[in-house]
Amino acid sequence: MDLGSLAVLRGPDLAIDALILQIGALLVVGVVATGLAQRLRFPSLVLFLALGMLVADDGLAWIRFDDAELAQNLSVLALVVILFDGGLSTRWPSMRSVLAPASLLATVGVAVTASVIAGTLLVGFGIPTETAWLIGAVVASTDAAAVFAALRHLALPTRLRELLQVESGLNDPMAILLTVGFVEAQRRGVTADEWLLFGIRQLGLGLLVGVAIGAVGAWALEHLPIPGAALHTVLATAVGAGAYGLAVVVGGSGFLAVFLAGVVLVERAPRFRRRVQAFHASLAMGAELGLFFLLGILVFPSQLAGVATEAITVAVVLVLVARPLAVVSSMAWFRWPANELAFVSWAGLRGAVPIVLATFPLTVGHPDGQLVFDVVFFVVLLSATVQGATLSPLSRRLGLVQPERT
C-alpha cells in the first residue's frame, strides 16, 4: 500500500465549511470582546458594530454583503428573540406599576421626539419634508436590544429598570406606524383615517394576540405531559415565535405581541420561570451581538462622512432636547424624582430598531432611502457609544445605584 497516496485524501469540500469556521472565530472574538468591554465599562454592542464595519467592504473586505432585505429579515428574527427575552424577564407586578408612564413614553414621547427631529432637519438643513419626518419617525423609539444590554449590569431601582424596559418593548408599534406612514406618503397619498386604523390594528391586535398566545403557552407548560426540561424551553420558544407570527398575519404588531407573550408566559407558569429565562437570556445575548455585527456589515463607513453634520446635529438634539421633552411631557404627571427623570432622559438609547426601520425606505426604493439609512446609522453609533458608555457613572452620580444583595 502506498501510504503517500493516503496522505492527500480529503473529504468533500462543502460550501458552508468556511462559513462555519468564520462563525466560530467570530464567536470567540465576540466573547473576548464582550468580557473586555465589561471590564472597561464600554458598550459591547458598539464593538460588534465596529467589528462588522471592519470586516466588511469598506474595511478588510473579508465579508461582502449589501442585501438590505436579507439584513432586514435577519434583524427582525433577532429582535423577536431579544424582545421575547425582555418579556420573560419582566415581572407583571413591576410592569403594572410603570405601565402608565411607559405607555405615554411609547406613544406621546415617540411623537414628540419625531416632531422635534423633523423640525430640526427642516429648519437647519432644508431636507425635504417627507424625508425629514421619516428620519424623525425612525429615530423616535428607544431600542430594546441596546436598553436591555445596557441595563443588564446596572444595579438600578426596580421601578426605574422596569420603566425603561417596558418602554422599549412597547414603543416599536408607534415607530412602525410613523415610519410606514411616511414611507407610504412618499409613494401615494395616505389619509388620516388610514393612519388611525393602522395604529389601532397594530396596538390592539398586537396586545390581544400577545396576551392570548402567552396564556395558551403557559397552560401548555403547566398541563401537557412534556418530557424533559429541554422541551419546555423549546415550547417556550415556539410561544414567542407564534405570538409574533400570528400578530403579523392578522395585522397587529408582532414586536408588541412577542414582548407581552413573554410577560404572560412566566407570570402564569411560574414553575418554569428560571428554566425558560436562563435559556432565552443566553439566546438573546447571542442575538444582540449577532444583530449589531450584521448591521455593521451592512453599512458603508465611507458614506457616513457625507452626512456627518446632519447626523451629529440630530444626535445632539435628540439627546439634549427631544428626549428630555418627551420625558417631561409624558411623565410630569406621575411625580417621579428629578434624578430618575434625568436618568430616563439620558437612557433613551437608540440601537437596532431604528436601523432596522431605516432599511424600510431602502427596500421599497425611497428616493432618499440611502440618506435616511446613513443618518440613522450614524445617530445610533453616537447614541450607543456616548450614552451607553456613560450610563453607569451617571447612575452613580445621580445616587441611583442600589446596594448589591449578599
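Residues numbered from 1 in each chain as written. Predicted model: local features only at pLDDT ≥ 70, side-chain atom pairs only at ≥ 80, totals over all residues. Heavy atoms only, no water.

(A) Structural view of the nonpolar core. The biggest cluster of nonpolar side chains holds 123 residues, and the ones touching the most others in it are Ile117, Leu163, Leu265, Phe343, Val344, Phe377 and Val379. In this view, Leu265 contacts Phe84, Leu88, Gly214, Gly217, Ala218, Leu221, Ala236 and Val239; residues no more than four positions away in its chain are not counted. (Core = buried A, V, L, I, M, F, W, Y, C linked by side-chain atoms within 4.5 Å. Buried < 20%, exposed > 50% of the residue type's maximum accessible area, 1.4 Å probe, protein only. Contact = heavy atoms within 4.5 Å.)

(B) Here's a closer look at the pattern of salt bridges. One pass over the full model with this rule turns up four salt bridges. For Arg271, the salt bridge is made with Glu222, and the minimal N-O distance between the two is 3.0 Å. You can see Arg271 sitting in the loop between helix H12 (254-268) and helix H13 (273-298) and its partner Glu222 sitting in helix H10 (residues 192-223), a full 49 residues away along the chain. Look at Glu222 and you get partly exposed, because its relative accessible area is 25%. Put simply, Arg273 and Glu267 hold a salt bridge, and the shortest N to O gap is 4.0 Å. Owing to a relative accessible area of 29%, Glu267 belongs among the partly exposed residues under this scheme. (Salt bridge = Lys/Arg side-chain N within 4 Å of Asp/Glu carboxyl O. Helix = DSSP H or I, 4+ residues; strand = E, 2+ residues; numbered from the N terminus.)

(C) Structural context of helix H8 (residues 158-170). Helix length check: H8, at 13 residues, gives a terminal C-alpha distance of 18 Å against a target of 18 Å (1.5 Å per residue), a fit within 8%. Buried residues dominate H8, accounting for 11 of its 13 residues. Those residues of H8 that sit buried are Leu160, Arg161, Glu162, Leu163, Leu164, Gln165, Val166, Glu167, Ser168, Gly169 and Leu170. (Expected span 1.5 Å × (residues − 1).)

(D) Spatial organisation of the side chain of Ser330. Note that Ser330 resides in helix H15 (residues 308-331). There is a polar contact of 2.8 Å between the side chain of Ser330 and the backbone oxygen of Ala326. Not counting chain neighbours up to four residues away, the residues in contact with Ser330 comprise Leu104, Leu105, Val108 and Gly109. (Polar contact = N/O pair within 3.5 Å; in protein donor to acceptor, adjacent residues only side chain to side chain.)

(E) Looking closely at the packing of aromatic side chains. Under the counting rule described, the total for this entry stands at three aromatic pairs. Its end group placed over the ring of Trp336, Arg159 keeps NZ or CZ at 3.8 Å from the ring centre. (Phe/Tyr/Trp six-rings, centres within 6.5 Å; stacked < 30°, edge-to-face > 60°. Lys NZ or Arg CZ within 6 Å of the ring centre and 35° of its normal.)

(F) Quick peek at unusual backbone geometry. One non-glycine residue with positive phi stands out, namely Arg335, at about 55°. Examined against the element boundaries, Arg335 turns out to sit in the loop between H15 and helix H16 (338-346). Relative accessible area serves as the criterion here: at 77%, Arg335 is assigned to the exposed category.

(G) The arrangement of empty space enclosed by the protein in detail. If you walk through the whole model with that rule in mind, you get one cavity of 30 Å³ or more. As a volume, the largest cavity reaches approximately 40 Å³. Around the largest cavity, the lining residues are Leu105, Gly109, Val110, Thr113, Ala140, Thr142, Glu167, Asn171, Arg323, Ala326 and Arg350. Counting only elements with at least two residues in the lining of the largest cavity, the list comes to helix H5 (92-125) and H15. At four residues, the largest contribution of residues to the lining of the largest cavity is made by H5. Of the residues contributing to the lining of the largest cavity, the split by class is four nonpolar, four polar and three charged. (1 Å grid on protein atoms, 1.4 Å probe; cavity = no way out; pocket = protein on both sides within 12 Å on 5 of 7 lines; lining within 4 Å. Points joined across faces, edges and corners; volume = space filled by probe spheres on them. Nonpolar A, V, L, I, M, F, W, Y, C, P; charged D, E, K, R; others polar.)

(H) Fine view of helix H4 (residues 68-88). A rise of 1.5 Å per residue sets the reference length of H4, with its 21 residues, at 30 Å; its end C-alpha atoms lie 30 Å apart and thus fit the reference within 8%. Counting buried positions over the 21 residues of H4 gives 16, a clear majority of the element.

(I) Local environment of a nonpolar patch on the surface. The grouping of Ile312, Val316, Leu320, Val321 and Leu325 at the surface amounts to a nonpolar patch, some 420 Å² of accessible area in total. Position of Leu320 relative to the elements: it lies in helix H15. (Patch = residues over 30% accessible without salt bridge, like charges linked within 9 Å, V, L, I, M, F, W, Y side chains within 5 Å. Areas by Shrake-Rupley, 256 points an atom, 1.4 Å probe, with all protein chains shown as cover.)

(J) Layout of the packing of H5 against H12. It is at 10 Å that the axes of H5 and H12 come closest, and there the two elements cross at 135°. Taken together, the axes of H5 and H12 are oblique relative to one another. Together, Trp92, Pro93 and Met95 of H5 and Phe259, Leu260, Val263 and Glu267 of H12 make up the contact between the two elements. Residues of the contact of H5 with H12, tallied by class, amount to six nonpolar, no polar and one charged. (Axes fitted to C-alpha atoms, helices over the stretch in contact; angles between N-to-C directions. Parallel < 35°, antiparallel > 145°, perpendicular 65-115°, else oblique.)

(K) Spatial organisation of the packing of H4 against helix H11 (residues 229-250). Taken N-terminus to C-terminus, the directions of H4 and H11 make an angle of 120°; their axes are 10 Å apart at the nearest point. Taken together, the axis directions place H4 and H11 in an arrangement best described as oblique. Once H4 is placed against H11, the crossing between them reads as right-handed. Contact with H4, carried on its side by Val76, Val80 and Phe84, involves Ala236, Thr237, Gly240 and Tyr244 of H11 and no other residues of that element. Of the residues in the contact of H4 with H11, the class split is five nonpolar, two polar and no charged. (Left-handed = near helix turned anticlockwise from the far one by under 90°.)

Fair warning: the whole summary comes from geometry, so function is off the table for now.
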